[in-house]
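# Notes for the structure review
These are the residues of each chain, in order.
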Amino acid sequence: MAEEGTSPLLKKEYHPGCPGCAYDRKKDLRRGMPYKEFLYVWMICLTAALPISSLFPFLYFMIRDLHVAKRTEDIGFYAGFVGASFMFGRCLTSTVWGIAADRIGRKPVVVFGIFSVVIFNTLFGLSVSYWMAIGTRFLLGALNAYAIEVCRPEHEALALSLVSTAWGIGLIIGPALGGYLALPAENFPNVFSPDSFFGRFPYFLPCLCTSVFAAAVLISCIWMPETLHKHKVSANGNQSVEALETHLIDPKEKVEKSGNLDTKKSLFKNWPLMSSIIVYCVFSFHDMAYTEVFSLWAESDKKYGGLSLSSEDVGQVLAVTGASLLLYQLFIYPRINKILGPIKSSRIAAILCIPILFAYPYVTYLSEPGLSIILNIASVIKNNLAVTIITGTFILQNNAVPQDQRGAANGLSMTGMSFFKAVAPAGAGIVFSWAQKRQHAFFFPGDQMVFFLLNMVELLGLILTFKPFLAVPEQYDRS
């Protein structure tokens, strides 16, 4: 065993003056968990997750207060484009930032990405016009990038769980900050007066909290190591944090590296990969559209088919849902995946989502406390089913390519996902605004049409999980 432990040092060549080689040597010499590096992974992922989710509880009221919508029914239309701008910016620049990380280094890209969160997330909270809100969200997505290798291969499974846990916590803290801290002069009149700074900028406080945390992470990055090799290296490098973010490896999966590199297929000709990416993009479109619609529907007036909830109420529902997602990811989903596998579990989850979405418009007929209880239960179940589907498609993508193609495969997947997630909020906002103007239509009046269309997208994704469209990896084909 001792010889096996030292063999990497005997075989691997370290180049003097190369920061990547210096860090690789440190990794190979270390025995035990790289706790410090894992902390960087966790903080960076949390910094990236918080701005994405924190605006949804107050977006409806922000558009209302910017006075861009001439009618209440038009608020959803304008809110959709604000929600879409972040992912649209990310879609345009994710490949460029990946190339930059390979050219100039991981650390400069990470530092610049976190710095952009501090600046543009703060400016978003200070938005005084609709176009300022869209512009700052677009730049926040376009300039928010990060990549770093942190651990030995045997610790990658733990690193993956840290990434998913950081995003889970971001789903809890982000909506909670947005829901509880927005409109502080209304929610906390004894602390904030309407004439104070936070009274004049009612959506600045939650953005400020996120920016302060990002600033602390930015300062800590001074001690973060650079991991890019400054000399020619083999193609089989370590995975980056961004690659880890875009897929979850099955803990029991063991991938054998092929010795013949000539047998590698083009990613675009790899139908098991491409079909799983398409399925993933369809469900990502659905989930992002649902996230946009849920907040708009919950906060819109009851005369338009909404629930008339406050931003604090919506933040509380999303925070409870986020907490359930964290527990589900850590303790329940691994057992479900072990029993059913990623394909069957995704199909069952998609089937169960349809009746839940069909029932959403009828929640408006409930009164408190039944309304809050049913809404929380429905939100928890719907979002955990969505996590089941998305995680299942992650596993299929991961098993569709050999180890040395996963970085490129996940970059392709992230680009497609970002595009679909950019289109979804804008499309959902337009449909939501249109639906609120047809309250007395014969065919699915009002918000019933919105949830009907969401169900159609869910049904499309479900159909695509079957053959002949979805070509599954060999280990899952038997089931």
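What the protein contains, in helices and strands, is 18 helices and 0 strands. Here the protein, with 479 residues, has 56% of them falling under the buried criterion. Expressed as a percentage of contacts within the protein between residues at least 6 apart in sequence, the contacts between residues at least 24 apart total 81%. Accessible surface computed for the protein: about 21,600 Å², of which carbon and sulfur atoms make up 67%.

Judged by side-chain polarity, Leu366, Ile373, Ile374, Ile377 and Ile381 come together as a nonpolar surface patch covering roughly 400 Å² of accessible area. With respect to the element layout, Ile381 can be found in helix H15 (residues 370–399). The partly exposed category is assigned to Ile381, whose relative accessible area is 39%.

Looking now at the pattern of salt bridges. In the structure shown here, the tally under the stated rule is 4 salt bridges. Across the salt bridge formed by Asp65 and Arg64, the nearest N and O atoms sit 3.0 Å from each other. The shortest N-O distance in the salt bridge between Asp287 and Lys382 comes to 3.9 Å. Of this pair, Asp287 sits in helix H13 (residues 271–299) while Lys382 is found in helix H15, placing the two residues 95 residues apart along the sequence. A single burial state applies to Asp287 and to Lys382, both of which are buried. Residues joined in a network through salt bridges with shared partners are Arg71, Asp74 and Lys437.

It is worth spelling out the side chain of Thr388 at this point. Mapped onto the fold, Thr388 is located in helix H15. Among the polar contacts listed, one links the side chain of Thr388 to the backbone oxygen of Asn384, at a separation of 3.0 Å.

Generally speaking, nonpolar side chains in soluble globular proteins are found buried as a group. With 91 residues, the main nonpolar core has Trp297 and Tyr360 as its most contacted residues. No other element matches the 12 residues that H13 contributes to this core. Setting aside its immediate chain neighbours within four residues, Trp297 contacts Gly305, Gly306, Leu307, Tyr360, Val363, Thr364, Leu375, Phe432, Asp447 and Phe451.

Moving on, we get to the packing of helix H14 (residues 311–359) against H15. Orientation of H14 relative to H15, taken along the N-to-C sense of each, is 50°, at an axis distance of 4 Å. By the angle between their axes, H14 is oblique relative to H15. Read as a crossing pair, H14 and H15 show a hand that is right-handed.

Within this structure, the stated rule accounts for 30 aromatic pairs. Relative to Tyr78, the ring of Phe77 has its centre 5.1 Å away and its plane inclined at 85°; by these criteria the two rings are edge-to-face. Judged by centre distance (6.3 Å) and plane angle (50°), the rings of Tyr328 and Tyr333 are tilted. Owing to a relative accessible area of 10%, Tyr328 belongs among the buried residues under this scheme. Overall, the relative accessible area of 6% leaves Tyr333 in the buried class. Between Arg137 and the ring centre of Phe124, over which it is positioned, the NZ or CZ distance is 5.5 Å.

Confidence in the prediction for the protein averages 83 pLDDT; 82% of positions are at 70 or higher. Taking the mean pLDDT of every element in the protein, the minimum, 43, falls on helix H12 (residues 241–245) and the maximum, 97, on helix H17 (residues 447–464). Under a pLDDT of 50 for its full length, residues 1–10 has, in the predicted model, 5 contacts with residues more than four places off or in other chains. Overall, residues 235–263 carries pLDDT values under 50, and its contacts beyond four positions in sequence, including any with other chains, amount to 57 contacts.

Another aspect to go through is H14. Helix length check: H14 (49 residues) gives 23 Å between terminal C-alpha atoms against 72 Å at 1.5 Å per residue, more than 12% under. When the local axis directions of H14 are compared, the greatest deviation, roughly 100°, occurs at Gly341, which is followed within four positions by the proline Pro342.

Put simply, H14 and H17 touch, their axes get as near as 9 Å, and they point 170° apart. Judged by the inter-axis angle, H14 sits roughly antiparallel to H17. Side by side, H14 and H17 meet where Arg347, Ala350, Ile351, Cys353, Ile354, Leu357 and Phe358 of the first sit next to Phe451, Leu454, Asn455, Glu458, Leu459 and Leu462 of the second. Here the contact of H14 with H17 is built from residues that sort into 10 nonpolar, 1 polar and 2 charged.

Within the fold, Gly113 resides in helix H6 (residues 106–125). A relative accessible area of 1% places Gly113 in the buried class. Those residues within four positions of Gly113 in sequence are excluded, and the remaining contacts are Leu143, Asn144 and Ala145.

The rules behind each value
Residues numbered from 1 in each chain as written. Predicted model: local features only at pLDDT ≥ 70, side-chain atom pairs only at ≥ 80, totals over all residues. Heavy atoms only, no water. Helix = DSSP H or I, 4+ residues; strand = E, 2+ residues; numbered from the N terminus. Buried < 20%, exposed > 50% of the residue type's maximum accessible area, 1.4 Å probe, protein only. Contact = heavy atoms within 4.5 Å. Areas by Shrake-Rupley, 256 points an atom, 1.4 Å probe, with all protein chains shown as cover. Patch = residues over 30% accessible without salt bridge, like charges linked within 9 Å, V, L, I, M, F, W, Y side chains within 5 Å. Salt bridge = Lys/Arg side-chain N within 4 Å of Asp/Glu carboxyl O. Polar contact = N/O pair within 3.5 Å; in protein donor to acceptor, adjacent residues only side chain to side chain. Core = buried A, V, L, I, M, F, W, Y, C linked by side-chain atoms within 4.5 Å. Axes fitted to C-alpha atoms, helices over the stretch in contact; angles between N-to-C directions. Parallel < 35°, antiparallel > 145°, perpendicular 65-115°, else oblique. Left-handed = near helix turned anticlockwise from the far one by under 90°. Phe/Tyr/Trp six-rings, centres within 6.5 Å; stacked < 30°, edge-to-face > 60°. Lys NZ or Arg CZ within 6 Å of the ring centre and 35° of its normal. pLDDT = per-residue confidence, 0-100. Expected span 1.5 Å × (residues − 1). Bend = angle between axes of the 7 residues up to and from the residue. Nonpolar A, V, L, I, M, F, W, Y, C, P; charged D, E, K, R; others polar.

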